[in-house]
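Next come the chains, spelled out residue by residue.
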Amino acid sequence: MAFIAFLIIFPLVAAAALALVRAESARRIIVLGAGAIIGIASIAFIVTALPAYGGKIVLIAFDSEIIDHIGTGITILIAVVVLYFAWRYKNFWAGIIATIQVVLALVVETLFAHQLDVPYGLYFDGLSLLMTFIIGVIGSAICIYALGYMEDFQKHEPEGARDRRPFFFALMFVFLSAMYVIVFSNNLIWLFTGWEVTTVCSFLLIGYTRTEEAIRNAFRQIIMNMAGGIGFAIAIYCCTAWLHTVSLYEFIAYGSMAAPGAALVAVFLGFAGITKAAQMPFQTWLLGAMVAPTPTSALLHSSTMVKAGVFLLVKLAPVFAVCEVPSIMVMLVGGITFMMCSFLAISQSNGKRVLAYSTIANLGLITACAGVGTPEAVWAACFLILFHALAKSLLFMCVGTAEHHIGSRDIEDMDLLFDRMPRLARFMMLGIMGMFIAPFGMLIAKWATLVSFVDTGEVALIIILAFGSAATFMFWAKWLGKLAGIAGSPENVELDVHKTEWGALLLTAVLTVAACVLLPLLSYVIVEPYVVSVYGVLGQDIASDNLWIASICVIFVVVVLFGGIGSKKTRRVSVYLAGVGDNHDERTFRNSLSGITTATARNWYMEDFFGEARVAPIGVWASVLVMVVAVILAFVGVGFGVPVLM
Amino acid sequence: MTLLYTLIGCIVFAIVAPLVGCLIAGVDRIISARMQGRVGPPLLQPYYDVRKLLAKENVSVNSVENTYIVCALVFTIVAGGIFFSGGNLLMCVFVITLASMFFIIAAYSARSPYAEVGANRETLQVMSYEPMVLFMAVGFYLGAQTFDINGLFTLDVPIIANTWLIFIGLLFVLTIKLRKSPFDLSMSHHAHQEIVRGVTTEMSGPTLARVEIMHWCENVLFLGWVGMFFVWGNPLSILLALAVIAVVYFLEIWIDNNFARMKWQFMLKSAWIVALVAGGVNIAFLVFL
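Quick caveat: nothing in here was measured; it's all calculated off a predicted structure.

A. Broad picture of the overall build of chain A. When you go through chain A residue by residue, the secondary structure sums to 26 helices and six strands. Since a compact globule built from 646 residues should have a radius of gyration of about 26 Å, the 24 Å found for chain A is in line with a globular shape. Dimensions of chain A, computed from C-alpha atoms along their principal axes, come out at roughly 90 × 60 × 50 Å. Per-residue burial for chain A yields a buried fraction of 60% across its 646 residues.

Below, the structure written as structure tokens:
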């Protein structure tokens, strides 16, 4: 309890301090100190809680009227902030939707929900602990990385631009606090408050630069996520109306017995999770979020925001296991998103957009796993969440650093990165491999996903997974290849990368490798107990022998990548260019008219097959159709009736 | 225990597969020659070629290409070891994909425009056959109730009985995997098919020898995939599997010699359509009936 309170309150204190401090040196000390403290406290909490409780759920008796009122206050504050920006930038729809949401939220909270007591306001279990690690360690690492990055960012800004960094860092820490609220709250109202705080924080972070594009994308984000928030509020209302509870634990207990009305609640909570996890048709808000400074993207994609969405969905997995309508909705939307976004990633040359599509695709897979809802699927989902958080944060930080040093985030410009930024390129390659190839953990989790789809006989999902994975190979392998190019010895441009950036990169890289190597152990200590605590059984998992084979392969690959490359002494020759060579490092040769021609090669983007204009609408409309049908069926399921309130 | 078996399997595979693969390559060249009305080289010609390559000076365009190729070879052997020691089929599929990836990176690292085109095409080939290969693993699981290859020896009927559609799909992508025409886009054994030899453009001497050995090992492994459809509890079934492998390989040689290279658009579309129809329908039948 003390730990949980600390983890929620301390980042807020740090945020308050950061908002007030304008000096760079003081900010540096606060961010480094607070980041380290949050990271250590998170680990300390996990280390003390795990041996005592395993992954079992621990409900904490805690109920406070004051916190209820604070939550209501925050809800109003959020609405005021959004309405202010909507008024200032004349965005009509954001204003409307914020008004609807605040009215709905206040009605639900004060009229219905506050009548119901939740004696056990807080809880934690294996999944919360896993999320604690992701938020506390990876989230803090990103905050620390942001120190160096934002210094460079400010230098790249036009002369006389306002320095909004205090605001930026404060928001980052508020974000962490809100995430802790989400993963520890058993009271759905409190969870909803945390949920909305993350929405508005990312709204402000995306709009950080206040350029026209940033403002437009920020509003797109807020409109979509507030729509999700409305879904959440409706879910809470349905929960009070049919099940007379606002406790997440009790709802899941009722839901997994398929109590009447539970399917309806699950559909709306699923809808909220889908918007937050940027599943189709809401994928555009996460793509738009790319305009923000890279640490924001890293934070949104890896450890917070979208992870809140899938956290909720995975939490609801036992409900999906028995309620068909929400299960099929979540499964199909996740599956469609996984496949379509993997296709779309092939056609992108902007590194951050590739990362964004891959994030959405992976979240789709996690969503589909949650929808399947069997013990094996939840096991896979937990590991997908962990490995995605690690590898993706590493990749975003790499792309951010590369962007400041080579002046571009286009993959085609990352040619020769292996020479120009040798250490960074290796980190990036590690991150990419961690994302898609065996024996790294991500693929092991995909393997478990496949097994769970086969065991439950989800033919559509098997097909989706097979084609989506093939596309995944394509877009990662060609990026990896671009990085691997070597020619002569161009100037090393990574010498002035900030120490804080290296620190954060090294930490996430080491964690990525460690998590892959120790996967069997992590499974045994944290994920398996969680699955057992939820379902009572473990289900058939991947035999640990296979996991250890994978571990050995990981070690081999990492040793080759960081130790074995570039030491051999062999005679060097130039590449063949079908003509008299001129400068081999520049790939120029003498052509038939004795002029100099540069040989160029670009990767394939296959716009005709996988272009956005062609693929995206299919995914969007398929998902919309699925969700509309699901909502209608859910209402049919309860007979359109509204039960009498007690 | 599995770890130990896998280790033994890898060692045995590392020794036996190159021998078998070399002989298969020799037979391949003789049969191809006869189909073209030539006498063809001696059976051991592939061995002589590789021995000569190994004796050459180690020359390369950069310091890393060879390392990547060694990784590709090692992981091909690990994949073979897992398969032939009765290990997990999915693990085998994933490890062989890892080997392909190292092969692709090796080509990219040279930064030769020709090798890059080859690497792009190789990536496309992986994307084309990957769905069908995954369906093969799923079909195996549904047929044998396990992903472990040694589970085959407890069956009463071979898995081909329920998965013949998947088997046909596998035969289709096998042409890509064995690097046979019409789908030898990334590198061709036929000199007339391309101006400069794709992926291996910048590989020479011992490095090229390793690529060749890797190709032999791959072929043995993929033919093992073909054979596993026909194995069941009866030990004699292995003979049947070998006979089927011989027929299938002959068919591949015939296709290789009778079709000119196709465009990549055709390869991608046809491989995916075949995977969707053969794999999807077969799996749907296995699940629902």
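B. Local environment of the overall build of chain B. Per the secondary structure count, chain B includes nine helices and one strand. Counting from the amino terminus, chain B carries its helices and strands in the arrangement α-α-β-α-α-α-α-α-α-α. Against the compact-globule benchmark of 19 Å for 289 residues, chain B has a radius of gyration of 19 Å, which places it among compact chains. Pairs at least 24 apart in sequence give 76% of the contacts found in chain B among residues at least 6 apart.

C. Molecular detail of the sheet that holds strand S5 (residues 588-590) of chain A. All names here are of chain A. Sheet architecture is open: three strands sit in the order S4-S5-S6, paired in antiparallel fashion. With one partner strand each, in any of the chains shown, strand S4 (580-583) and strand S6 (596-598) form the two edges of the open sheet. Recorded for the sheet is a direction-independent mean angle of 40° between the axes of neighbouring strands. Across three bridges, S5 lies against S6 in antiparallel orientation. Bridge pairing in S6 links arginine 590 to isoleucine 596.

D. Fine view of the interface of chain B and chain A. With 53 residues of chain B at the contact, the number on the chain A side is 46 residues. For the side of chain B that touches chain A, the secondary-structure elements that each account for two or more residues are helix H1 (2-35), strand S1 (59-60), helix H3 (65-84), helix H4 (89-110), helix H5 (113-144) and helix H9 (264-288) of chain B. The element best represented in the side of chain B that touches chain A is H5 of chain B, accounting for 16 residues. Its residues assigned to classes, the side of chain B that touches chain A shows 32 nonpolar, 16 polar and five charged. Alignment of strand S3 (residues 571-572) of chain A against S1 of chain B, held across two bridges, turns out to be parallel. Its bridge partner being in S1 of chain B, arginine 571 of chain A is matched across the sheet by valine 59 of chain B.

E. Local environment of H5 of chain B. Residues and elements named next belong to chain B. Its 32 residues place the ends of H5 45 Å apart at the C-alpha level, agreeing with the 46 Å of an ideal helix rising 1.5 Å per residue. At glutamate 130, H5 is deflected by roughly 35°, the largest bend along its length, and proline proline 131 occurs up to four residues later in sequence. Extensive coverage of H5 is indicated by the burial of 32 of its 32 residues. Directly beyond the C-terminal end of H5, a positive phi value near 60° is found at glutamine 145.

F. Region of the structure containing H3 of chain B. Taking 1.5 Å per residue, 20 residues should reach 28 Å; H3 of chain B reaches 29 Å between its end C-alpha atoms and fits that length. Remark: glycine 86 of chain B follows H3 of chain B within two positions and exhibits a positive phi of approximately 85°.

G. Representation of the pairing of S4 of chain A. Residue and element names in this part refer to chain A. Sheet topology places S4 next to S5; three bridges connect them, and they run antiparallel. Bridge assignment links valine 580 to a residue of S5, and that residue is arginine 590. The loop that links S4 with its antiparallel partner S5 comprises four residues; one of these, arginine 587, has a positive phi angle of about 55°.

H. Examining the packing of helix H19 (residues 422-436) of chain A against helix H21 (residues 459-484) of chain A more closely. Residues and elements named next belong to chain A. Between H19 and H21, the shortest axis-to-axis distance is 10 Å and the interhelical angle comes to 165°. Classed by the angle they form, the pair H19 and H21 counts as roughly antiparallel. Helix-helix and strand crossings are classified by hand; for H19 and H21 the assignment is left-handed. Where H19 abuts H21, its residues Ala425, Met428, Met429, Ile432, Met435 and Phe436 lie against Thr472, Phe473, Trp476, Trp479, Leu480 and Leu483. Its residues placed into classes, the contact of H19 with H21 shows 11 nonpolar, one polar and no charged.

I. Layout of the packing of H21 of chain A against H4 of chain B. Closest axis-to-axis distance for the H21 of chain A/H4 of chain B pair is 8 Å, and the angle between their directions is 40°. Judged by the inter-axis angle, H21 of chain A sits oblique to H4 of chain B. In this structure, H21 of chain A crosses over H4 of chain B, and the sense of that crossing is right-handed. Seen from H21 of chain A, the contacting residues are Ala477, Leu480, Gly481, Lys482 and Ala484 of chain A; seen from H4 of chain B, they are Met101, Ile104, Ile105, Tyr108 and Ser109 of chain B. Class assignment for the residues of the contact of H21 of chain A with H4 of chain B results in seven nonpolar, two polar and one charged.

J. The nonpolar core, seen in detail. Residues Phe173 of chain A together with Val95 of chain B are the most contacted members of the largest nonpolar core, which totals 363 residues. Tallying contributions element by element places helix H17 (residues 375-406) of chain A first for this core, with 21 residues. Aside from chain neighbours lying at most four places away, what touches phenylalanine 173 of chain A is Pro11, Ala14, Ala15, Leu18, Ala34 and Cys143 of chain A.

K. Summary view of unusual backbone geometry. Note the cis peptide between methionine 280 of chain A and proline 281 of chain A, where omega equals 5°. Mapped onto the elements, proline 281 of chain A comes out in the loop between helix H10 (262-276) and helix H11 (283-288). Cis geometry is found at the peptide bond from serine 181 of chain B to proline 182 of chain B, where omega equals 10°. Tracing the chain through its elements places proline 182 of chain B in the loop between helix H6 (160-177) and helix H7 (205-228). The backbone of lysine 90 of chain A shows a phi angle near 55°, a positive value even though the residue is not glycine. Counting through the fold element by element, lysine 90 of chain A comes out in the loop between helix H3 (65-88) and helix H4 (92-112).

L. Up close: the confidence of the model for chain A. On average, residues of chain A score 86 in pLDDT, and 96% of them are at 70 or above. Mean pLDDT across the elements of chain A bottoms out in S4 of chain A (73) and peaks in helix H13 (residues 306-315) of chain A (93).

M. Examining the environment of alanine 402 of chain A more closely. All names here are of chain A. Structurally, alanine 402 can be placed in helix H17. C-alpha of alanine 402 to C-alpha of valine 497: the two residues are 95 residues apart in sequence and 9.4 Å apart in space. If we ignore the near neighbours within four places in the chain, the residues touching alanine 402 are Met414, Leu417, Met421 and Leu424.

N. Focus on the environment of leucine 242 of chain B. Its place among the elements puts leucine 242 of chain B in helix H8 (residues 237-258). In this structure, the C-alpha to C-alpha distance between leucine 242 of chain B and valine 231 of chain B, residues 11 residues apart in sequence, is 9.7 Å.

Reading guide: rules and limits
Starting from 1, residues in each chain are numbered consecutively following that chain's sequence as written. The naming scheme follows written order: chains are lettered A onward, ligands numbered 1 onward. Reporting in this predicted model follows two pLDDT cut-offs: at least 70 for local features of residues, and 80 or more for side-chain atom pairs to be given and counted; totals over whole chains, interfaces and linings ignore these cut-offs and use all residues. The numbering of helices and of strands both runs from the N terminus, where a helix is a DSSP run of H or I of at least 4 residues and a strand a run of E of at least 2. The globule rule used for comparison is 2.2 Å times the number of residues to the exponent 0.38, while the radius of gyration itself is calculated over C-alpha atoms. For the exposure call, what matters is how many other C-beta atoms sit within 10 Å of a residue's own: 20 or more marks it buried, 12 or fewer exposed, and in between partly exposed, using C-beta atoms placed from the backbone. By definition, residues are in contact whenever their C-beta atoms, placed on the basis of the backbone, come within 7 Å of each other. Here, strands pair whenever DSSP counts at least two bridges between them. Simply put, an axis is a line fit to the C-alpha atoms, just over the touching stretch for a helix, and the angle between two N-to-C directions goes from 0 to 180 degrees. Ten residue types, Ala, Val, Leu, Ile, Met, Phe, Trp, Tyr, Cys and Pro, are classed as nonpolar, four, Asp, Glu, Lys and Arg, as charged, and the remainder, Gly among them, as polar. Each residue after the first adds 1.5 Å to the expected span of a helix. Here the bend at each residue means the angle between axes fitted to two seven-residue stretches, the one ending at that residue and the one beginning there. Orientation is classified from the angle alone, with under 35 degrees giving roughly parallel, over 145 giving roughly antiparallel, 65 to 115 giving roughly perpendicular, and any other angle giving oblique. For a crossing to be left-handed, the near helix must be turned anticlockwise from the far one by less than a right angle; the clockwise case is right-handed. In this description, a nonpolar core means buried residues of the types Ala, Val, Leu, Ile, Met, Phe, Trp, Tyr and Cys, linked to one another by C-beta atoms lying within 7 Å. Predictor confidence is given residue by residue as pLDDT, running from a minimum of 0 to a maximum of 100.

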